[in-house]
Amino acid sequence: MENLLMTERISILKKKMLSEPRYASVEQAKIITDIYKANEEKPRIIQRALSLKAALKQLEIHVEPEELIVGNRTAGVRYGVVFPESGSTWVDREFETLPTRPQDRFEVRPEDITYFREVIRPYWKGKSLEDVLWERCGKEIDHIAKVVKINQKDHAQGHICPNCKEWLHKGPAGIKWEADDRLRIAGGRQKDFFESVSLVMDGAIHFMQRYHKLLLDMAQGEEDGYRRGSMEEVARICKKLSEQPPETFHEAVQSLWFLFVILHMESNASSFSPGRMDEFLWEYFDRDRKEGRLNEQGALEIIECLWLKFNEIVYMRNANSAKFFAGFPIGFNIAIGGQDAEGNDFVNDLSFLLLKAQEHLGLPQPNLSVRLHEHTGDDLLKQSVKVVSKGSGMPQFFNDKAVIPAMEELGVDQKDARDYAIVGCVELTTQGNNLGWSDAAMFNLNKVLELTLTGGKCLLTGEQLAPNYGDLTTYETYEELEAVFQRYLDEYMELMVKACEEVEKAHIDLLPSPFLSSVIDECMKKGMDVTAGGAKYNFSGIQMIQVANLADSLAAIKLLIFDKHKAEAGELLEALKNDFEGKEVLRTILLNKVPKYGNDVDWVDQLGTKWAEYFKKRLSRYTNYRGGIYHTGMYTVSAHVPMGENVGASPDGRHAGEPLADGGMSPVYGRDITGPTAVLKSVSKLDKNLTSNGGLLNMKFLPEFFRTQQGIDKFALFLRTFVDLEIPHIQFNVVRKEDLIAAKKNPEQYRSLTIRVAGYTAYFTELADELQNEIIARTSYADI
């Protein structure tokens, strides 16, 4: 496959996509509002279905003449959609500042602001998810906000891998027939459910037919015969898909993209992921190749057209959430490789074509993941390393040896566990049967430690956030400090779970999702919406943030205050209150005279491991509102920056407001001084079952390392060590610090430079200053 090329068609489409301005759009909000006004007496699930159907029939659509894969939820590229069902209060507050805010900017049209304020906002005031949650539990959520960030408060639930295979085998017409058949004998809520599914499939059929008509109209005016023929073929495919399932590879890829466009139109959420594309698209690719309809170059061009479409959808968040999820991590995660249902190595030619598309394009989406295990072949492993060396931050790697047992511990069937996929950044899921709610909340372990040291007071504001159970000067032993730390953990976890329950209740009441439910196993069988517990698996995931800083801080306290008495408790507490002003000698000791997590110092690593295990064990006592269990993850997206802004100076020598460690399992940047293998050994002490919701290890290597075959081979062995140590995840940036500094200084010259943030890739120049600085500061390795 080395001689496969990126075609002129792809180059043209990529250039067009990157040059498009990014706007906020109220078009769908207008349609949704009109439908609700006209159907106020109907059940919410019917209102949702009618509004999606109307959007599919009315939204402006656009096609580029070069496209082989068509469809979008807006006429423009990378538009941010105002979605009033989930949130309009924040839009009202921030509309004018969208073009100038520090992170994830959108242009706005004055007439859209006017229409929003005069028509949309007045109708939805007090009715949106955001407003209802504020009324029900807003004060309680605010009360814990310094320690726990509760998510999903102003948008629908994403982070889901639909049953793509079933969608391809049935198509919207087949699913509509099934819904109509069940509707004949259904009653009560089941009747509403099947009616809603039928309505949205009507809309999906119409949506596909609209693209058929648009393409034929465009083809009539096209003088170039080759281009006209291409448009007519895509038009034929759209018409066919509205009536029957796909049969060819091109038809299957187009059908898949329609699925994800409509999912985004229904929910306006992030991280709907295709899962194992090399598995469920193989039958179409293999048949086409055998029957002479398609060669590898033609298949690659279709895949690269799909890759470009993945980059045309972004999610518009409020300013605060944009700090936690910076750089538009929309999360179309695709997994290749891994094991099959019997535990054998799974790889095929399509796996390599998907890698080649990433090598050619180097764009932030899709979030390409490679599953590794003990028997992964050298061909896939080394080709993946070569693609990593290109510098896009992809693919990232997942370890079947760690992930599959962790999922089985949750109660996942072995067959489903072996077939796992990834959603969003690094969140683990089964395919097509799981509402994993993997982004339920982020828990700041380091803010809890701060409260433990200060008697419940915030170092930044002096506010009494929690009861006073003592402070650093009153604890006679390290064990007393740990006991208070545990007490605060228990109390905040209890409050967090109550808040998460309220969020789930509100989603059930306000945001049922019939289109999504139709492609999640068990929902159609039960006649139950996915938000209400219709899926086979119903988990909720909580992120622990950040174990590296916690371990380093506890190590400093234990060693210097309680074990060796090299520092006074009162002196350290005052230094923290004053952000080390006048205490630089003490800060230097904290930074340089205490071992740090990430260097294979067992007693330090175990301090973090102990509390991660405690958090997981205590969280497992709870069940969520859908009857599923809570479990833990260790990843940050970009939350390590804003969560660091919320934490005062810490005993590890970190200044107030500085970022916490990136990733989730990664060491604090600059403190991993004994090499990448030591990092792996430290991280391996975190049990794989701590990250059943996803774990993230971020590392940075210099490009020079990959210039020889010897370097490639050495890196492949490094990844085999990663597998042997049962670490769930690893990802890499391959970039020079000097290039990042230059990109920050001259962003217009580096517009297409991508960087791995924390589980996802983003355009470096689109990130806010604080996040850019943190990425520049990460440790770079020249060797293993």
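Here is a short report on the structure shown in this document. (Residues numbered from 1 in each chain as written. Predicted model: local features only at pLDDT ≥ 70, side-chain atom pairs only at ≥ 80, totals over all residues. Heavy atoms only, no water.)

### Some words on the pairing of strand β13 (residues 729–734)
Piece 1. For β13, the tally of buried residues reaches six of six residues, placing the bulk of the element in the interior.
Piece 2. As paired strands, strand β6 (residues 396–399) and β13 are joined by two bridges and run antiparallel to one another. Considered in β13, the bridge of Phe397 is made with Ile730.
Piece 3. In this structure, strand β12 (residues 698–701) lies alongside β13, joined through four bridges in parallel fashion. (Buried < 20%, exposed > 50% of the residue type's maximum accessible area, 1.4 Å probe, protein only. Helix = DSSP H or I, 4+ residues; strand = E, 2+ residues; numbered from the N terminus. Pairing = 2+ DSSP bridges.)

### Focus on the packing of helix α9 (residues 225–241) against helix α10 (residues 249–267)
Piece 1. In the contact formed by α9 and α10, the axes pass within 10 Å of each other and the chain directions differ by 65°. α10 is crossed by α9, and the crossing has right-handed handedness. Side by side, α9 and α10 meet where Val234, Arg236, Ile237, Cys238, Lys240 and Leu241 of the first sit next to His250, Glu251, Gln254, Ser255 and Phe258 of the second.
Piece 2. Among the residues forming the contact of α9 with α10, the class breakdown is five nonpolar, three polar and three charged. (Axes fitted to C-alpha atoms, helices over the stretch in contact; angles between N-to-C directions. Left-handed = near helix turned anticlockwise from the far one by under 90°. Contact = heavy atoms within 4.5 Å. Nonpolar A, V, L, I, M, F, W, Y, C, P; charged D, E, K, R; others polar.)

### Considering the sheet that holds β12
Note: strands within a sheet are paired through backbone hydrogen bonds, in either parallel or antiparallel orientation.
Piece 1. Strand order across the open sheet formed by six strands is β4-β5-β6-β13-β12-β16, with mixed pairing between neighbours. The strands lining the two open edges of the sheet, one partner per strand, are β4 (333–337) and β16 (780–781).
Piece 2. Sheet analysis places β12 next to β16, joined by two bridges and oriented parallel. Bridging from a neighbouring strand, Phe701 pairs with Tyr781 of β16.

### A word on unusual backbone geometry
Piece 1. Here the amide bond leading from Met394 into Pro395 is cis, since omega sits at 0°, within 30 degrees of zero.
Piece 2. Looking at where Pro395 falls in the secondary structure, it is placed in the loop between α16 (378–388) and β6.
Piece 3. In this structure, Gln546 follows Ile545 across a cis peptide bond, with omega equal to 0°.
Piece 4. Positive phi outside glycine occurs at Asp104, with the angle close to 60°.

### A word on the packing of helix α8 (residues 188–220) against α9
Piece 1. Between α8 and α9, the shortest axis-to-axis distance is 8 Å and the interhelical angle comes to 160°. Considering their axes alone, α8 and α9 lie roughly antiparallel with respect to each other. α8 and α9 meet at a crossing whose hand is left-handed. Between α8, through Met208, Tyr211, His212, Leu215, Leu216, Met218 and Ala219, and α9, the contact on the second element is made entirely by Arg228, Met231, Glu232, Val234, Ala235, Arg236, Cys238, Lys239 and Leu241.
Piece 2. A per-class count over the contact of α8 with α9 returns 11 nonpolar, one polar and four charged. (Parallel < 35°, antiparallel > 145°, perpendicular 65-115°, else oblique.)

### Overview of the side chain of Gln365
Piece 1. Inspection of the secondary structure puts Gln365 in the loop between α15 (349–361) and β5 (367–372).
Piece 2. Looking at Gln365, the relative accessible area reads 4%, which means it is buried.
Piece 3. Separated by 3.1 Å, the side chain of Gln365 and the backbone nitrogen of Phe332 make a polar contact. (Polar contact = N/O pair within 3.5 Å; in protein donor to acceptor, adjacent residues only side chain to side chain.)

### Considering the pattern of salt bridges
Piece 1. Using the criterion set out here, one finds 68 salt bridges in the structure.
Piece 2. One salt bridge in this structure joins Arg227 and Glu66, with 3.7 Å as the shortest N-O distance. Of this pair, Arg227 sits in helix α9 while Glu66 sits in the loop between α3 (44–58) and β2 (80–81); the two residues are 161 residues apart in sequence, bridging distant segments of the chain.
Piece 3. Note on Arg227: relative accessible area 30%, which makes it partly exposed.
Piece 4. Relative accessible area serves as the criterion here: at 9%, Glu66 is assigned to the buried category.
Piece 5. A salt bridge links Lys714 to Asp783, with the shortest nitrogen-to-oxygen separation between them at 2.8 Å. Separated by 69 residues along the polypeptide, Lys714 in helix α29 (residues 709–724) and Asp783 in the segment after β16 bring together distant segments of the chain.
Piece 6. Looking at Asp783, the relative accessible area reads 41%, which means it is partly exposed.
Piece 7. It is possible to trace a salt-bridge network through shared partners that takes in Lys16, Glu64, Glu66, Glu222 and Arg227. (Salt bridge = Lys/Arg side-chain N within 4 Å of Asp/Glu carboxyl O.)

### So, the nonpolar core
Piece 1. With 211 residues, the main nonpolar core has Phe249, Trp307, Phe443 and Met496 as its most contacted residues.
Piece 2. The dominant element in this core, judged by the number of residues it contributes, is helix α20 (residues 478–510), at 15 residues.
Piece 3. The residues contacting Phe443, other than those within four sequence positions of it, are Val147, Val148, Val448, Leu489, Tyr492, Met493, Met496, Ile542, Gln543, Met544, Ile545 and Phe615.
Piece 4. With 41 residues, the next largest nonpolar core counts Cys425, Leu428, Met442 and Leu660 among its residues. (Core = buried A, V, L, I, M, F, W, Y, C linked by side-chain atoms within 4.5 Å.)

### Focus on helix α19 (residues 445–454)
A turn of α-helix holds 3.6 residues, and therefore any two residues three or four places apart point the same way.
Piece 1. Counting buried positions over the 10 residues of α19 gives 10, a clear majority of the element.
Piece 2. All of the buried residues along α19 are Leu445, Asn446, Lys447, Val448, Leu449, Glu450, Leu451, Thr452, Leu453 and Thr454.
Piece 3. Contacts from the buried residues of α19 go to β9 (441–444), α20, β10 (540–545), α23 (547–563), α24 (569–577) and α26 (602–619).
Piece 4. At the N-terminal end of α19, a side-chain oxygen is found 3.1 Å from the backbone nitrogen of Asn446, two or three residues along, and the residue is Asn444.
Piece 5. Two residues or fewer past α19, Gly455 is found with a positive phi of approximately 75°.

### With respect to the packing of aromatic side chains
Piece 1. The full count for this structure, using the stated rule, is 36 aromatic pairs.
Piece 2. Taking the centre distance of 6.4 Å and the plane angle of 55° together, the rings of Phe718 and Phe732 count as tilted. Of this pair, Phe718 sits in helix α29 while Phe732 is found in strand β13, placing the two residues 14 residues apart along the sequence. When sorted by exposure, Phe718 lands in the same class as Phe732, which is buried.
Piece 3. Its guanidinium or amino end placed over the ring of Phe346, Arg276 lies 5.3 Å from that ring's centre, counting from NZ or CZ. (Phe/Tyr/Trp six-rings, centres within 6.5 Å; stacked < 30°, edge-to-face > 60°. Lys NZ or Arg CZ within 6 Å of the ring centre and 35° of its normal.)

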